[in-house]
Amino acid sequence: MNNKLIQNIIAQLLDVQEKENWLDENFKKKMESVGEDKVFQRPLPALHSIAELISHVLVWRIESIRKLEGMDANLTVDSPENWRTNDQLKEIGWPNLQKEFYQSIYTLIELLSDKDDTFLEKNYRDEYSFKYLIEGLIHHDLYHLGQLGITIKFLNLPNHTELGK
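Below is a short write-up of the structure. Small disclaimer: the values here were computed from a predicted structure and weren't measured.

**Some remarks on the side chain of S49**
Piece 1. Residue position: S49 is located in the loop between α2 (27–32) and α3 (50–68).
Piece 2. S49 gets classed as buried once you look at its relative accessible area, which sits at 0%.
Piece 3. Looking at S49, its side chain comes within polar contact range of the main-chain oxygen of V39, at 3.5 Å.
Piece 4. Only 2.7 Å separates the side chain of S49 from the side chain of N86, close enough to count as a polar contact.

Here it is in structure tokens:
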């Protein structure tokens, strides 16, 4: 089977999630560096909490999974689940959010692993190809991985609670 591109995409998804990579950063490393007592805190009013960021990345992964499965997928930037509040996320619980987040990457990999590279050129909607979708998802993950790092850096400042006032 000709799936060198698919295998490369799978490797990138895993690298960003939990493997060692050139950035020397991944979601697992970042998430494990912070205690559960801080994940729902916004270090500044304009910065999202760790839980908010992880939930946001997760809902777009789920949206991509739905598209890969050929299901209706209608998430927009204005959808309420795009940015859930910390109160909503506390009800879900940090352990459950983490579990869903980590599982989402394995679901994506499972959906891609038996595909041929020609699958990437197929369109899931109008003029958008699956390659466009998956590459965009990786870019989105990396963007928010950077935000996660900034949030954690602020949370770890000695007087971060004063910054948020």
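**Examining the packing of aromatic side chains**
Piece 1. Applying the stated criterion to the full structure yields six aromatic pairs.
Piece 2. Following the ring pairs from residue to residue traces out a cluster consisting of F119, Y124, Y128, F130 and Y132.
Piece 3. When the ring centre of F101 is taken as origin, the NZ or CZ atom of R61, which lies over that ring, is 4.2 Å away.

**Considerations on the packing of α3 against helix α6 (residues 130–155)**
To characterise two packed helices, one gives the angle between the axes of the helices and the distance between these axes.
Piece 1. Contact geometry of α3 with α6 gives a least axis separation of 9 Å together with a crossing angle of 170°. Accordingly, the angle class assigned to the pair α3 and α6 is roughly antiparallel. Across the interface between the two elements, I50, L53, I54, H56, V57, W60, R61, S64, K67 and L68 of α3 pack against F130, L133, I134, L137, H140, D141, H144, Q147, L148, T151, I152 and L155 of α6.
Piece 2. Taken together, the residues that form the contact of α3 with α6 break down as 13 nonpolar, six polar and three charged.

**Some thoughts on the environment of I150**
Piece 1. Inspection of the secondary structure puts I150 in helix α6.
Piece 2. Of the residues examined, I150 reaches a relative accessible area of 45% and is grouped as partly exposed.
Piece 3. As a C-alpha pair, I150 and L47 span 103 residues in sequence and 8.9 Å in three-dimensional space.

**Description of the packing of helix α1 (residues 4–17) against helix α5 (residues 94–113)**
Piece 1. Where α1 contacts α5, the two axes come as close as 10 Å, and the packing angle between them is 175°. The orientation of α1 with respect to α5, classified from their angle, is roughly antiparallel. Between α1 and α5, the residues in contact are I6, Q7, I9, I10, L13, L14 and Q17 and F101, Y102, I105, Y106, I109, L112 and S113, respectively.
Piece 2. The residue inventory of the contact of α1 with α5, partitioned by class, reads 11 nonpolar, three polar and no charged.

**What to know about the nonpolar core**
Piece 1. Counting residues in hydrophobic clusters, the biggest one holds 21 residues, and the most contacted among them are F27, M31, I50, I54, W94, F101 and L148.
Piece 2. Elements supplying a minimum of two residues to this core: α2, α3, α5 and α6.
Piece 3. Excluding its chain neighbours within four sequence positions, the residues that come into contact with F101 are Q17, F27, M31, I54, V57, L58 and R61.
Piece 4. Among the nonpolar cores identified, the runner-up in size contains 19 residues, and I6, I9, I10 and L14 belong to it.

What counts, and at which threshold
- Residues numbered from 1 in each chain as written.
- Predicted model: local features only at pLDDT ≥ 70, side-chain atom pairs only at ≥ 80, totals over all residues.
- Heavy atoms only, no water.
- Helix = DSSP H or I, 4+ residues; strand = E, 2+ residues; numbered from the N terminus.
- Buried < 20%, exposed > 50% of the residue type's maximum accessible area, 1.4 Å probe, protein only.
- Polar contact = N/O pair within 3.5 Å; in protein donor to acceptor, adjacent residues only side chain to side chain.
- Phe/Tyr/Trp six-rings, centres within 6.5 Å; stacked < 30°, edge-to-face > 60°.
- Lys NZ or Arg CZ within 6 Å of the ring centre and 35° of its normal.
- Axes fitted to C-alpha atoms, helices over the stretch in contact; angles between N-to-C directions.
- Parallel < 35°, antiparallel > 145°, perpendicular 65-115°, else oblique.
- Contact = heavy atoms within 4.5 Å.
- Nonpolar A, V, L, I, M, F, W, Y, C, P; charged D, E, K, R; others polar.
- Core = buried A, V, L, I, M, F, W, Y, C linked by side-chain atoms within 4.5 Å.

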